[in-house]
Amino acid sequence: MTKFENLFGIKQTEIKETCVILPLLAKGMLNALGIKKLHRGKLYSSGQGQGFTAIVTGLGAGLAGDAVLYMKETTGLNIILFGSCGLVEAKNGLTIGCLVSPVLSYSLESFSDMLLDKEKDWKEFSSNKDLTEKFVDASGENNIKKVKCATLGSLKLEEDRFDFFSEKDIAVVDMECSSVFSAAGYMKKKAMALFYATDIINKKPFYAEPDIEDKARISFSMKRAAHAICEFIKNSLTS
């Protein structure tokens, strides 16, 4: 068994042209993506959808970024990060259950840098403009908003960084986006992200149990997002 198969649970040659990175599996996500089975490796789990390979990485910038770097010797060209995010504020049409596609993400991945407030050192990494624009245009009925994101190394510290987020016009926060964008750029791959919003910093925090209406919105949005990804891959990225 090769190193790649040990890590991903499938052979390197089984990676398709488009890879969907899943930091976390929400209830019903595999079914919504049309994935029937996951193959478990030492670090990641992999499954096949129509025209794409899905890779479950687990939470965190390092794991997601490494997964993209391991794509170097594969035919994988397009990377779609699919997961949830937190909203900085509920404004400009952004609310629980909305769908967003970050055009750039600030790298706040370091817990220590966030703790010590080293804001001047934070870099930004962009999605692939062409891939993002094509996806948003193709998914027009889903009202996907293009936003700025911050990828964080601490969930606790996010609540103390509200002013910085507002100053930089950052609309959403996550824990993987900047690493996926930076790794993809380094590897000459195309990357984009699609998130569904599950919480609002300081208003409806991630650790609070959502009410029945919000739960329904989140579940519906996840399925709507999964369908949009599948349709885009089938119609625009499959030869």
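Residues numbered from 1 in each chain as written. Predicted model: local features only at pLDDT ≥ 70, side-chain atom pairs only at ≥ 80, totals over all residues. Heavy atoms only, no water.

A. Inspection of unusual backbone geometry at higher detail. Within the chain, Asp169 stands out as a residue other than glycine whose phi angle is a positive 60°. Tracing the backbone shows Asp169 in the loop between helix 6 (162–167) and strand 9 (172–174). Its identity is not glycine, yet Asn202 carries a phi of approximately 65°, on the positive side. Tracing the backbone through its elements, the reader meets Asn202 in the loop between strand 10 (190–200) and helix 8 (212–237). By relative accessible area, which is 44% here, Asn202 ends up partly exposed. (Helix = DSSP H or I, 4+ residues; strand = E, 2+ residues; numbered from the N terminus. Buried < 20%, exposed > 50% of the residue type's maximum accessible area, 1.4 Å probe, protein only.)

B. Molecular detail of the pairing of strand 3 (residues 45–49). When you tally the buried positions in strand 3, you get 4 out of 5 residues, the bulk of the element. Pairing of strand 2 (residues 39–40) with strand 3, which is carried by 2 bridges, proceeds in the antiparallel orientation. Note on strand 3: the bridge partner recorded for His39 is Ser46. Between strand 2 and strand 3, which pair antiparallel and follow one another directly, the connecting turn spans 4 residues. (Pairing = 2+ DSSP bridges.)

C. Seen up close, the pattern of salt bridges. One pass over the full model with this rule turns up 8 salt bridges. The partner of Asp130 in a salt bridge is Lys134, with the nearest N and O atoms 3.5 Å apart. Residue Asp130 and its partner Lys134 are both found in helix 5 (residues 129–138); the two are separated by 4 residues, about one turn of the helix. For Asp130, a relative accessible area of 40% corresponds to the partly exposed category. Its relative accessible area of 47% is what places Lys134 among the partly exposed residues. Between Lys204 and Asp214 there is a salt bridge, with its nearest N and O atoms 2.9 Å apart. (Salt bridge = Lys/Arg side-chain N within 4 Å of Asp/Glu carboxyl O.)

D. Examining a nonpolar patch on the surface more closely. On the surface, a nonpolar cluster with roughly 320 Å² of combined accessible area is contributed by Phe111, Leu115 and Leu116. With respect to the helices, strands and loops of the structure, Leu115 is situated in helix 4 (residues 111–116). (Patch = residues over 30% accessible without salt bridge, like charges linked within 9 Å, V, L, I, M, F, W, Y side chains within 5 Å. Areas by Shrake-Rupley, 256 points an atom, 1.4 Å probe, with all protein chains shown as cover.)

E. Layout of the layout of surface pockets. By volume, the largest pocket is sized at about 800 Å³. In terms of lining residues, the largest pocket is bounded by 34 residues, among which Leu24, Ser84, Tyr196, Thr198 and Asp199 are the most central. Along the lines of polarity and charge, the residues of the lining of the largest pocket split into 20 nonpolar, 6 polar and 8 charged. For the second largest pocket, the calculated volume is near 220 Å³. Together, 14 residues line the second largest pocket, and Lys91, Asn92, Asp169, Ile170 and Ala171 are the ones closest to its centre. Of all the elements in the fold, those that place two or more residues in the lining of the second largest pocket are strand 8 (145–152) and helix 6. Grouping the amino acids of the lining of the second largest pocket by side-chain chemistry returns 6 nonpolar, 2 polar and 6 charged. (1 Å grid on protein atoms, 1.4 Å probe; cavity = no way out; pocket = protein on both sides within 12 Å on 5 of 7 lines; lining within 4 Å. Points joined across faces, edges and corners; volume = space filled by probe spheres on them. Nonpolar A, V, L, I, M, F, W, Y, C, P; charged D, E, K, R; others polar.)

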